[in-house]
Amino acid sequence: MANRAHRFDSRQSMNNKQFEIFHYRDKMMETVGVHHHDYFEVYFLLGGTVSFQVEGKLFLLEPGDLLLINPQELHQAKVGSDAVYERYVLWINRNYLIQLGENQADLAECFDQQIPGHTNLLRPDKMQRAVLQELLKKINDEFYSESSDSNLYAQGLLLQFMVEVNRLTRTSTQTQKKVEEPDLITRVLAYIGAHYQETLTLEQIAAEFYVSKYYLAHEFSRRVGTSVYRYITFRRLMLAKELIATGMTPGTVYQNCGFGDYANFYRAFKAEYGISPKEFARRMNS
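Residues numbered from 1 in each chain as written. Predicted model: local features only at pLDDT ≥ 70, side-chain atom pairs only at ≥ 80, totals over all residues. Heavy atoms only, no water.

1. Some words on the overall build of the protein
Stated precisely, the cut-off is as follows: Counting from the N terminus, the helices are DSSP H or I runs at least four residues long and the strands are E runs at least two residues long. With C-alpha atoms as the basis for the radius of gyration, the globule rule is written as 2.2 Å multiplied by the number of residues raised to the power 0.38. Buried, partly exposed and exposed residues are distinguished by accessible area as a fraction of the type maximum, computed with a 1.4 Å probe on protein chains only: under 20%, between the cut-offs, and over 50%, respectively. Here, residues are in contact when the closest pair of their heavy atoms is within 4.5 Å. The protein chains shown are the only cover counted for residues, whose accessible areas, like all others here, come from Shrake-Rupley with a 1.4 Å probe.
A tally of helices and strands in the protein yields 10 helices and eight strands. In terms of C-alpha radius of gyration, the protein reaches 20 Å, essentially the compact-globule figure of 19 Å for 286 residues. In terms of overall dimensions, the protein has a C-alpha envelope of 55 × 45 × 40 Å along the principal axes. Residue burial in the protein is summarised as follows: out of 286 residues, 47% are buried. Pairs at least 24 apart in sequence give 71% of the contacts found in the protein among residues at least 6 apart. When the accessible surface of the protein is split by element, carbon and sulfur atoms take 49% of a total near 15000 Å².

Written out as structure tokens, the structure is:
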């Protein structure tokens with residue numbers, strides 16, 4: 001089966017309960033806003049001029065670069081218009097990835113922010129890149145094949161791919177190519193991460209760091225790709241989904257996520273995910 005490029009799909013939810021893979025090739029690309037997923041994402045750049053923001057860090061990517069994004073990380077790609085933009089995008093369900101390791105290996109280790117030296121960006125050498133690219137091609141071929149055993153074969157290839165990625169994560173000595181990671185924004189992100197379940201305002205955060213709220217708003221938006229308010233809302237909604245998935249009722253969840261009342265929580269959840277908190281809870285329990 002030929003490895004044909006797919007038409008870009010802007011959806012940010014999985015249709016498959018295990019994993020999905022896409023081979024995209026675009027000449028013109030509309031900007032996708034800052035977002036997050038409920039699943040792991042592996043991004044492999046084949047061609048194009050791309051910078052990637054992940055939680056305030058800005059990476060300048062080169063063809064062959066591998067980017068690892070976990071469900072708690074807000075991110076956004078910014079694509080230049082001077083070259084064809086080609087990449088593989090692999091989405092993996094969190095529970096499925098754990099099961100794939102069969103208690104023999106933690107295949108999610110490469111996404112773990114808590115591990116010292118963790119990096120979102122891996123820059124494989126020429127041989128490593130060839131191995132990873134060939135595996136992604138085969139996974140893509142089998143995923144879209146109509147053969148009766150293609151799904152099983154694709155899962156075997158995915159297992160091999162994730163073992164390779166984790167080995168690369170542990171042994172890689174490549175350096176991240178980041179630009180301008182201001183100490184202020186790094187500290188602000190950490191502060192929000194520690195306090196987003198409480199009442200937070202732009203004015204309050206600016207006062208905490210002794211800067212103008214206008215300066216903070218401008219720098220935060222430039223570095224993170226969204227406003228302080230929207231970032232805090234994202235954080236609260238991500239926690240809300242996690243709590244609902246564990247069985248907590250929506251009527252209780254909002255009180256644990258920093259929303260002032262249920263009406264504000266409901267509006268924010270519905271606007272972001274297109275369904276109500278209660279409908280999401282029903283889907284989680286079905």
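2. Looking at the sheet that holds strand β2 (residues 40–47)
What counts here: Strands pair, by our definition, only if DSSP identifies at least two bridges between them. A fitted line through C-alpha atoms represents every axis, and for helices the fit uses only the stretch in contact; the resulting angles, taken between N-to-C directions, go from 0 to 180 degrees.
Spatially, the five strands line up as an open sheet ordered β1-β7-β2-β5-β8, and their pairing is antiparallel. Edge positions in the sheet fall to β1 (19–26) and β8 (121–122), since each has one partner strand and no second. Relative to strand β5 (residues 66–69), β2 runs antiparallel, the two being bridged by four bridges. Following the sheet pairing, Phe-44 is matched in β5 by Leu-66. Against the sheet, helix α2 (residues 126–143) makes contact with β1, β2, β5 and β7 (85–92), and its axis sits at roughly 110° relative to β1, the strand it touches most.

3. Thoughts on the pattern of salt bridges
Quick reminder of the rule: The term salt bridge refers to a pairing of a side-chain nitrogen on Lys or Arg with a carboxyl oxygen on Asp or Glu at a separation within 4 Å.
Counted by the stated rule, this structure contains 13 salt bridges. As a salt-bridge pair, Arg-123 and Asp-65 come within 2.6 Å of each other at their nearest N and O atoms. Remark: Asp-65 occurs in the loop between β4 (57–60) and β5 and Arg-123 occurs in the loop between β8 and α2; sequence separation between them is 58 residues. In this structure, Glu-109 engages Arg-170 in a salt bridge whose closest nitrogen and oxygen atoms are separated by 3.2 Å. Residue Glu-109 is located in the loop between α1 (94–100) and β8, and its partner Arg-170 is located in helix α3 (residues 150–171); the two are separated by 61 residues in the primary sequence. One connected set of salt bridges, linked through shared partners, spans Glu-62, Asp-65 and Arg-123.

4. Some details on the sheet that holds strand β3 (residues 50–54)
Think of a sheet as strands paired side by side through backbone hydrogen bonds, with each pair either parallel or antiparallel. Spatially, three strands are ordered β4-β3-β6 in an open sheet, and the strand pairing comes out antiparallel. The open sheet is flanked by β4 and β6 (75–79), the only strands paired with a single partner. This sheet shows a mean twist of 20° between the axes of neighbouring strands, independent of strand direction. Pairing analysis gives five bridges linking β3 to β6, with the strands arranged antiparallel. Bridged to Gln-53 within β6 is Gln-76.

5. Examining unusual backbone geometry
Although it is not a glycine, Glu-55 sits at a positive phi angle of roughly 50°. Examined against the element boundaries, Glu-55 turns out to sit in the loop between β3 and β4.

6. A closer look at the environment of Ser-147
Rules: N or O atoms within 3.5 Å of each other form a polar contact, as long as, within protein, one can give a hydrogen and the other can take it, and as long as residues adjacent in sequence are counted only when both atoms are side-chain atoms.
Position of Ser-147 relative to the elements: it lies in the loop between α2 and α3. Of the polar contacts made by the side chain of Ser-147, one reaches the side chain of Asp-149; its length is 2.6 Å.

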